[in-house]
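Each chain is listed here by its residues.
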Amino acid sequence: MSACKRLIHFVKHGRILTFARRNVTTWSPVGAAFNTPVKRLELEHNVGLFGVPELSSPAGFDVVTKRALKDTQRLVDKTCISPPGVETVECFDQLSDGLCKVADLADFVKVAHPDPLFREAAEKTCIEIGTVVEKLNTNVELCKNLKNLLNNPDIMDQLDPDTRRVAELFMFDFEISGIHLDEKLRKEAVALHRKLLDLNNEFLTGSHTPNRIARSAIPEHLHLHFAKEGSFIQIGGLHADTPDVLVREIAYRIYLYPNAQHIECLEELLKCRHTLAKLVGYESYAHRALKGTMAKTPETVMEFLQLLTDKLSERTSKDFEMMRDMKKKLNPRDSEIMPWDHPYFSGVLRAERYNIEPSLYSPFFSLGACMEGLNNLFSRLYGVSLLSEHPSTGEVWSSDIRKLAVVHETEGLLGYIYCDFFQRTDKPHQDCHFTIRGGRHCQETGQYQLPVVVLMLSLPHPTKSAPTLLTTGMMENLFHEMGHAIHSMLGRTRYQHVTGTRCATDFAEVPSILMEYFATDYRVVSQFARHYQTGQCLPESMVARLCESKKVCGAADTQLQVFYAALDQIYHGRPQNRSTTDLLKEMQQKFYGLPYVPNTAWQLRFSHLIGYGAKYYSYLMSRAVASMVWKQCFVQDPLNREMGERYRREMLAHGGAKEPMLMVEGMLQRRPTTEELVEALVSELQPNFETFLMDSES
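Residues numbered from 1 in each chain as written. Predicted model: local features only at pLDDT ≥ 70, side-chain atom pairs only at ≥ 80, totals over all residues. Heavy atoms only, no water.

## A word on the overall build of the chain
- Within the chain, the secondary structure is distributed over 29 helices and ten strands.
- In summary, the chain has a C-alpha radius of gyration of 26 Å against a globular reference of 26 Å for 698 residues, a match within 12%.
- If you line up the chain on its principal axes, its C-alpha atoms span 80 × 65 × 60 Å.
- Within the chain, the fraction of its 698 residues that count as buried is 55%.
- Of the contacts formed within the chain by residues at least 6 apart in sequence, a portion of 74% connects residues at least 24 apart. (Helix = DSSP H or I, 4+ residues; strand = E, 2+ residues; numbered from the N terminus. Rg over C-alpha atoms; globule rule 2.2 N^0.38 Å. Buried < 20%, exposed > 50% of the residue type's maximum accessible area, 1.4 Å probe, protein only. Contact = heavy atoms within 4.5 Å.)

Next comes the structure, spelled out in structure tokens:
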């Protein structure tokens, strides 16, 4: 039931005609809705979070939890006695969906709701549902029923491909929980699962906890750069963009200073993951984690990373040499590039070479203009419109949330996107996409359960004098996260277990990364980028410079990601009987190029080890696939409707119901080799000489 770890939720829905008739007066142009402070329709009736009536107060979590658990028991009883067939898979999906509607909504609320009482109630629900999910994953009778289906070739041959795949995915969930083990070993697997939950939470907490040092240990004139806590200086980040090299070095050395207890936690976590993987029949945790992905095996991942390193080697060396020259220019007495210098001098070189000062771009990227740009893009590619709708009282968790209805020109209402875009106290500072409810065909009603998602950003609020203005990075992040959202909206999977982004991690990032290409193509950008005061179009030369600037030090930046991905693989491979710091030193030397700094432990800040354990390579592989899709299918005409429809049909529509590489193969009409994936990333770094000509002419 791993889908229950993702975010889903229940809202009322109806056919598009009913929806339009009820809400047409509350719709507004999407751009205007984001460029002005929101006006609420205050009604007496509180409909509850996401339209769940019980969630008009924190106490409602207890009500919906009890109801979900009661329905779960009913479905378990029904599933265990039903004969094997398509109904078996439908029952499993209903079971998963019912739990996810509560558990995953609670997972979102516990991190995003500003009211601590709601967060506490949601946390309690997560624990209760999580306990039940653990029991279901080791329920022998449930597993036996599913196995009877999978072991009956006569019945399996009659099932459609989606149903067969979902049945296999549910069995995989059972197997990784140790269902096939004898009772003693099964109990050991359950104990390891529970221990890992605690270790994951402990490591995540530690990875975000600031380090501190006595104020007297740092020169007084540098105190202003750091937070103060009594007689201590508190350092909660790397200060990578600070021009002062000493501030960067101090932050790096102190923030990454090893904590013995935290190291012990990480090493115990990795040991438990390996033990669990071996217990349930895998060579290593990486082998278990990569089953069902595009890469499939750790060996393929390491081949990809090594080949990419070899191809980038010469360019990476040149990038570091450029950084040394720049550092020597600014500080002749200290020209050696250290790890704390890389992000800073990459930025300096980009800005110097291409003049990409954020203040020059932001006036052209008001949030409303960007949302209109997305609306236009989706309309041209898929026939989809984003329509702003006023949330009802109690439906949202903050007054500045915008709600979008996603409507297709012939299919009608596809789902809802809640946009939690603006900064607020205690809100997580991360850009992310949450599935609040997955789409599925409801056999019970004959209707389609509409997907609901939340996009979370951390943007400044609009003011009376100016709308929210985005930096180029913010704009690209908006497009990236909206790529996840439209993936969720355009799927029409039969089962919620594989809806939208519920697919292999190294495939799930492809649609979002592909959106970054649209965000920096002038033919797309010119449709919406207007100066918020003058209405002037963003000059094409500025977009070209922005694209070229990404290539400056691009090899070194990519190589840093290769290092992180390789370290992740080594940590989750076969045990090396060496400390995580010793492995870090070795991987840094082999896959990066800048020296390890003694008495630092960067791995303790590598929070992606929790959510992306053995899968951090996914960003690189997804970018390679997205690059190939862009160049082969969209670069000639990024607004081509025929290609948009093909993209939806071959890649977006299936969620996780189809093997990921088969979807890529369907889009590209061939299966890419490892060498082609590497070449796609390397070719991204080739300079475009037309940009230089454009600059000289302007």
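Further notes follow.
## Structural notes on the pairing of strand β7 (residues 432–437)
- Extensive coverage of β7 is indicated by the burial of six of its six residues.
- Where β7 meets strand β10 (residues 452–459), five bridges bridge the pair, whose relative direction is antiparallel. Residue pairing for β10: Thr435 is matched across the bridge by Val453. (Pairing = 2+ DSSP bridges.)

## Examining the packing of aromatic side chains
- The final tally for this structure, using the stated rule, is 30 aromatic pairs.
- Consider the rings of Phe108 and Trp397, whose centres lie 5.1 Å apart with planes at 80°: the pair is edge-to-face. Linking Phe108 in helix α4 (residues 86–112) with Trp397 in the loop between β4 (384–389) and β5 (402–408), this pair joins segments that are 289 residues apart in sequence. Trp397 carries the same exposure label as Phe108, and that label is buried.
- With centroids separated by 6.3 Å and ring planes inclined at 45°, the aromatic side chains of Phe365 and Phe528 adopt a geometry described as tilted. With Phe365 in the loop between α15 (358–361) and α16 (367–382) and Phe528 in the loop between α20 (522–525) and α21 (540–549), this pair connects stretches of sequence that are 163 residues apart. Comparing Phe365 with Phe528, the two get one shared label, buried.
- Chaining the aromatic ring pairs together yields one cluster made of Phe320, Phe563, Tyr564, Tyr592, Trp602, Phe606, Tyr612, Tyr616 and Tyr619.
- One residue, Arg212, lies across the ring of Phe232, its end atom 4.0 Å from the ring centre.
- One Lys or Arg, Arg605, reaches over the ring of Tyr255 and ends 3.7 Å from the middle of that ring. (Phe/Tyr/Trp six-rings, centres within 6.5 Å; stacked < 30°, edge-to-face > 60°. Lys NZ or Arg CZ within 6 Å of the ring centre and 35° of its normal.)

## Side note on the pattern of salt bridges
- For the coordinates displayed, the defined rule picks out 39 salt bridges.
- For Arg494, the salt bridge goes to Asp160, with nearest N and O atoms at 2.8 Å. Of this pair, Arg494 sits in the loop between α17 (472–490) and α18 (505–508) while Asp160 sits in the loop between α7 (153–156) and α8 (161–176), and the two are 334 residues apart along the sequence.
- On the basis of relative accessible area, Asp160 is assigned to the partly exposed category, the value being 26%. (Salt bridge = Lys/Arg side-chain N within 4 Å of Asp/Glu carboxyl O.)

## A look at the side chain of Ser549
- By the secondary structure assignment, Ser549 is in helix α21.
- When neighbours within four sequence positions are excluded, Ser549 is seen to be in contact with Arg350, Tyr354 and Ile356.

## Some details on the sheet that holds strand β6 (residues 412–422)
- Strand order in the open sheet formed by five strands is β4-β5-β6-β10-β7, with mixed pairing between adjacent strands. Looking along the sheet, the strands with just one partner apiece sit at the ends: β4 and β7. Averaged over all pairs of adjacent strands, the angle between strand axes in this sheet comes to 25°, irrespective of strand direction.
- In this fold α16 packs onto β4, β5, β6 and β10, with an angle of close to 140° to the strand it touches most, β4.
- In the packing of α17 onto the sheet, contacts are made with β4, β5, β6, β7 and β10, and the angle to β10 comes to roughly 175°. (Axes fitted to C-alpha atoms, helices over the stretch in contact; angles between N-to-C directions.)

## Comments concerning the environment of Asn599
- With respect to the element layout, Asn599 can be found in the loop between α23 (580–591) and α24 (608–611).
- Note: C-alpha distance between Asn599 and Phe108 (491 residues apart in sequence) is 37 Å.
- Leaving out residues up to four positions away in the same chain, Asn599 has contacts with Arg253, Leu256, Tyr257 and Pro258.

## So, the sheet that holds strand β3 (residues 232–235)
- If you trace the three strands from one edge of the open sheet to the other, you get β1-β3-β2, paired in antiparallel fashion. Two strands close off the open sheet at either side, each with one partner strand: β1 (211–214) and β2 (227–229). The average undirected angle you get between the axes of adjacent strands in this sheet is 35°.
- Where β2 and β3 come together, three bridges link them in antiparallel fashion. Pairing of Ala227 across the sheet is with Gln234, part of β3.
- Contacts between helix α10 (residues 245–255) and the sheet are confined to β1 and β3, with β3 contributing the most and set at about 85° to the helix.

## Details of unusual backbone geometry
- If you check the backbone angles, Asn599 has positive phi at about 60° while not being a glycine.
- Its identity is not glycine, yet Ala614 carries a phi of approximately 70°, on the positive side.
- Following the sequence through the fold, Ala614 ends up in the loop between α24 and α25 (618–634).
- In this structure Ala614 comes out as buried when scored by relative accessible area, which is 0%.

## Some words on empty space enclosed by the protein
- For the structure shown, the criterion picks out two cavities of 30 Å³ or more.
- Counted as a void, the largest cavity has a volume near 50 Å³.
- Along its surface, the largest cavity is lined by Glu90, Asp93, Gln94, Arg440, His441, Gln443, Glu444, Arg494 and Tyr495.
- For the lining of the largest cavity, the secondary structure elements donating two or more residues are α4 and β8 (440–441).
- A total of three residues in the lining of the largest cavity trace back to one element, the largest contributor, which is α4.
- For the lining of the largest cavity, a count of residues per class yields one nonpolar, three polar and five charged.
- Taken as a whole, the second largest cavity spans an internal volume of roughly 40 Å³.
- Lining the second largest cavity, in full, are Tyr382, Ile486, Pro511, Leu514, Met515, Phe518, Tyr647 and Leu652.
- Of all elements in the fold, only α19 (510–519) and α26 (641–652) reach the threshold of two or more residues within the lining of the second largest cavity.
- The greatest single-element share of the lining of the second largest cavity, amounting to four residues, is contributed by α19. (1 Å grid on protein atoms, 1.4 Å probe; cavity = no way out; pocket = protein on both sides within 12 Å on 5 of 7 lines; lining within 4 Å. Points joined across faces, edges and corners; volume = space filled by probe spheres on them. Nonpolar A, V, L, I, M, F, W, Y, C, P; charged D, E, K, R; others polar.)

## A short note on the nonpolar core
- Counting residues in each nonpolar core, the largest one holds 163 residues, and the members touching the most others are Phe365, Met371, Ile417, Phe421 and Phe634.
- Discounting residues that sit within four places of it in the chain, Ile417 has contacts with Leu386, Arg402, Lys403, Leu404, Val406, Val453, Leu455, Met482, Ala485 and Met489.
- Membership of the second largest hydrophobic core comes to 58 residues, among which are Leu49, Val102, Val133 and Ala405. (Core = buried A, V, L, I, M, F, W, Y, C linked by side-chain atoms within 4.5 Å.)

## Notes on the packing of α16 against α26
- Packing of α16 against α26 brings their axes to within 6 Å, and their N-to-C directions diverge by 85°. Between α16 and α26, the crossing angle belongs to the class labelled roughly perpendicular. Within the contact between the two elements, α16 uses Ser379, Arg380, Leu381 and Tyr382 and α26 uses Arg641, Gly644, Glu645, Tyr647, Arg648 and Leu652.
- Per-class residue counts for the contact of α16 with α26 are four nonpolar, two polar and four charged. (Parallel < 35°, antiparallel > 145°, perpendicular 65-115°, else oblique.)

Take it as geometry only, folks, not as evidence of what the structure does.
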